[in-house]
Amino acid sequence: MSNLHRIHWFDEQIRSGRFPNSSWLAREFEISRRQAQRDIEYMAISLRAPLVYIAKYRGYCYEDQTYRLPHLYMTEEEQRVLKYLAHRYRHYNYDQSDAVKRVAHLLERFTLEEQQTGSSQLPVFRADPQQLQFFEILSHAIAESRKVHIHYRDHAGERQFTWCPLKMLSQFNADYVVGYEMDPLQQTAIRLEGMIHVQMTNETFQCQTDGLLGAWEEALPVRKPFVAEIKLKEVQQTELWQGYRIREQKDKVHWIEFYDTDAFLQHLFISEWEELLSPTWLRRKLQQSAEGIIERLARSTRQT
Amino acid sequence: MTEVVLENLIMKRDSKSYVDSLHAVLTHAGLFQGSKYLLAGCTGMAFKLSVHRRLLPMSVTAYGQWGESHRLGIDNLGIFTIWDGGRTRHPTFGYYQRDAVSWVKRILDAGIGVIYWIPEFGVIHGYDDSDRIFYVQDGWGREPQILLYDNFGLNFTGFWYCQVFGDQVYIPEQEMVLESLRLAIEDWDIPYRLLPDRNIASGRLAYDVWGQALRSGDYDQSGAAYILESYCQSRIEIQMYLQDARGIWTELEQAYACYEQLGALILQMKGCMIQENNRWIMQADATEKLAQALLEAKALEERAVDFFRLISSKYPDRKRNTVPRWGAHSAR
């Protein structure tokens, strides 16, 4: 929102006890009084600032002295932009993709934290407002399994059709949506760039997406996790064992997935488990660590 | 099920990661007996210099298409090699990956280590079939890294590469040295090794690009230090390599003299870096000094390469004067 700086200024004036009003705001930023009034209303209503007008000082102050402007606040529009960027970053698989994916993860939580990317350069995407709009509509349609009516233009000409969207995809610097027109088995991917108009209809469709989307899944290979075979005291009822995903279980033996060895080793040190059956290299590492600790402890008892 | 771990195969990072890996593997397999600088010189790796416009740290390994750059050096040692690599985004990657896993295991059974791009280059020195993993050394830590068969070749760079070695034929020392000088001349003359990408310059042009980056101030801090470290190490390797080889031709004596002078400059250049938190970084006000030193270094190397040219012109160069039907690059 472009009035961010005005809001902040107004807030500062209040907090320094100067009792600002709309004329001051208007004068300071050379806007109309009406506009200034709207800014103040925005603060009071959308930002829920406890503004109260004190006639004696002809200005505003905070009823609740402890009120602080939310550090990061966003409009619906900004949230949508971030959501779109998160989607693009998530599908980025070229240079620095690890760093980029972490950014996507953060953006997904709609925070505006400064991301220390250091020397790596984040890729820049053009966020065309019309494409953002289509992205929005299509995402809604996918979520609600609603058909969309698309007016599309490509090298073959213009055409209009009703379509069942399944998934949004981003590859090679373009956005695609995967779906089908009639036959769920004949899926295609069409580009957002080629769309002239997209409209959600009230018709819904049924589609078992999981198996069929296989062909459209990212062609890029994904790093697989290590798997530890651990016998726990009790059979786990959920999919996770203290944050780690359980791939499979047979009675009390669970196959646990992990990516970071050191973190998992630490976890094994502090959690309850009965037996570590595999992999051998992990058992060896754990054993070496444990032996190292025991030896160090023995050293100190010897000294006392 | 089987577990194979090669004993006494230890890789340590001193030089370019490929040289370190190659040295570890060949020495362990008995295919090479000599120092790292000798290996770096014979394979031409020491002469390679590549610099990105913004001094990114990846410059140090961006000296060309790896397959081709390394092949010429290994050929010069007379060693049989099989290698594979490429981009992991290719749809066929999965097939080549599974294939590579099987021949890497076979070679490990035969008792020879495998060079692998982690990144940077490292050595696979063992596998465990029951856990489906490889043991990989990166030259830094004492503990080997664990790599799942399924993750072979996957890393953040998008490239994969692995190389194995076989038998050896004998190549007389003089031929080896002559060919290494010719590789050096090639590396000096060719400006871009990764076309169509013109952001990374090699050889003579690399000096210019480096100086420009320093003067403009727009460069990657850690990359600048890493490039400088690698450069100093490789130029010292060349110096020592020529010191051993200078008996063969008189011009080599003169080329060695150039590199001796360069050695003094390198001491100055090293002074432009300071250690902070166990890492080397560029000193803030030293960029002009470094740029100046690089200019002098470039002139010295130019002279040395001219001496190489004199030596090379004395003998026929069948490899380069007979261009095969498909051109100078290998048919790949």
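See the structure above.
Residues numbered from 1 in each chain as written. Chains lettered and ligands numbered in written order. Predicted model: local features only at pLDDT ≥ 70, side-chain atom pairs only at ≥ 80, totals over all residues.

J.: I tried to follow the overall build of chain B on my own but got confused; where do I start?
T.: Scanning chain B from N- to C-terminus turns up 10 helices and 11 strands. By the burial criterion, 44% of the 332 residues in chain B qualify as buried. In chain B, once contacts between residues fewer than 6 apart in sequence are set aside, the share between residues at least 24 apart is 69%. (Helix = DSSP H or I, 4+ residues; strand = E, 2+ residues; numbered from the N terminus. Buried ≥ 20, exposed ≤ 12 C-beta atoms within 10 Å, placed from the backbone. Contact = placed C-beta atoms within 7 Å.)

J.: What am I meant to see in the overall build of chain A here?
T.: Within chain A, the regular secondary structure consists of nine helices and 12 strands. Burial status across chain A gives 16% buried among its 304 residues. The contacts of chain A with a sequence gap of at least 6 include a subset with a gap of at least 24, amounting to 51%.

J.: Help me understand the pairing of strand β5 (residues 121–128) of chain B, please; the structure alone is not making it clear to me.
T.: The side chains of a regular strand alternate, residue by residue, between the two faces of the sheet. Residue and element names in this part refer to chain B. Buried residues dominate β5, accounting for seven of its eight residues. Sheet topology places strand β1 (residues 3–5) next to β5; three bridges connect them, and they run antiparallel. Bridge pairing links V5 to G126 in β5. Relative to β5, strand β4 (residues 114–117) runs antiparallel, the two sharing four bridges. From the neighbouring strand, I115 faces β5, where its bridge partner is V123. Where β5 lies against strand β6 (residues 133–137), five bridges are found, and the strand directions are antiparallel. In the strand pairing of β6, I124 is matched with V136. (Pairing = 2+ DSSP bridges.)

J.: Would you take a moment to explain unusual backbone geometry for this structure?
T.: Comment: phi is negative for the bulk of residues other than glycine, and the bulk of peptide bonds are trans. Here the bond from A:S278 into A:P279 is cis, since omega is 0°, no more than 30 degrees from zero. Looking at where A:P279 falls in the secondary structure, it is placed in the loop between β12 (275–278) and α9 (280–303). In this chain, B:L195 is followed by B:P196 through a cis amide linkage whose omega measures 5°. Among the structural elements, B:P196 can be located in the loop between α5 (173–189) and β9 (200–202). Of note in this structure, A:R58 is not a glycine but carries a positive phi near 50°. Note that A:R58 resides in the loop between β1 (51–54) and β2 (59–62).

J.: Can you help me understand the environment of A:W24 in this one?
T.: Topologically, A:W24 is positioned in helix α2 (residues 22–29). In this structure the C-alpha to C-alpha distance between A:W24 and A:F10, which are 14 residues apart in sequence, comes to 9.1 Å.

J.: Help me understand the environment of B:D150 in this model?
T.: Checked against the element boundaries, B:D150 lands in the loop between β7 (145–148) and β8 (159–168). Each C-alpha atom, one on B:D150 and one on B:I133, is 8.5 Å from the other, the two residues being 17 residues apart in sequence.

J.: Is there a simple way to think about the nonpolar core in this case?
T.: Nonpolar side chains tend to gather and get buried jointly when the protein is soluble and globular. Counting 99 residues, the largest nonpolar core has B:V25, B:V114, B:V123 and B:A255 as the members making the most contacts within it. At 11 residues, the largest contribution of residues to this core is made by helix α7 (residues 221–245) of chain B. Inspection of this core shows a minimum of three residues originating in each of domain 1 (3–33 + 79–168) and domain 2 (173–313) of chain B. Setting aside residues up to four positions removed in sequence, B:V123 forms contacts with B:L9, B:M11, B:S21, B:A24, B:V25, B:G113, B:V114, B:I115, B:Y116 and B:Q137. Among the nonpolar cores identified, the runner-up in size contains 16 residues, and A:F135, A:L138, A:L166 and A:V178 belong to it. (Core = buried A, V, L, I, M, F, W, Y, C linked by C-beta atoms within 7 Å. Domains from an automatic or database assignment.)

J.: Looking at this structure, how should I read the sheet that holds strand β8 (residues 226–231) of chain A?
T.: Across a sheet, strands are paired by hydrogen bonds formed along the backbone, either parallel or antiparallel in direction. Residues and elements named next belong to chain A. Ordered by their spatial adjacency, five strands build an open sheet running β9-β10-β11-β8-β12, and the pairing between neighbours is antiparallel. Looking along the sheet, the strands with just one partner apiece sit at the ends: β9 (240–241) and β12. Pairing analysis gives four bridges linking strand β10 (residues 244–250) to strand β11 (residues 253–258), with the strands arranged antiparallel. Bridging from a neighbouring strand, Q249 pairs with H254 of β11.

J.: Any chance you could explain the interface of chain B and chain A here in plain terms?
T.: How big an interface is tends to be reported as the loss of accessible area on association of its parts. Between chain B and chain A, the contact holds 19 residues from the first and 16 residues from the second. When residues of the side of chain B that touches chain A are traced back to their parent elements, those giving at least two are α4 (93–109), β7 and α7 of chain B. Taken together, the residues that form the side of chain B that touches chain A break down as seven nonpolar, seven polar and five charged. (Nonpolar A, V, L, I, M, F, W, Y, C, P; charged D, E, K, R; others polar.)

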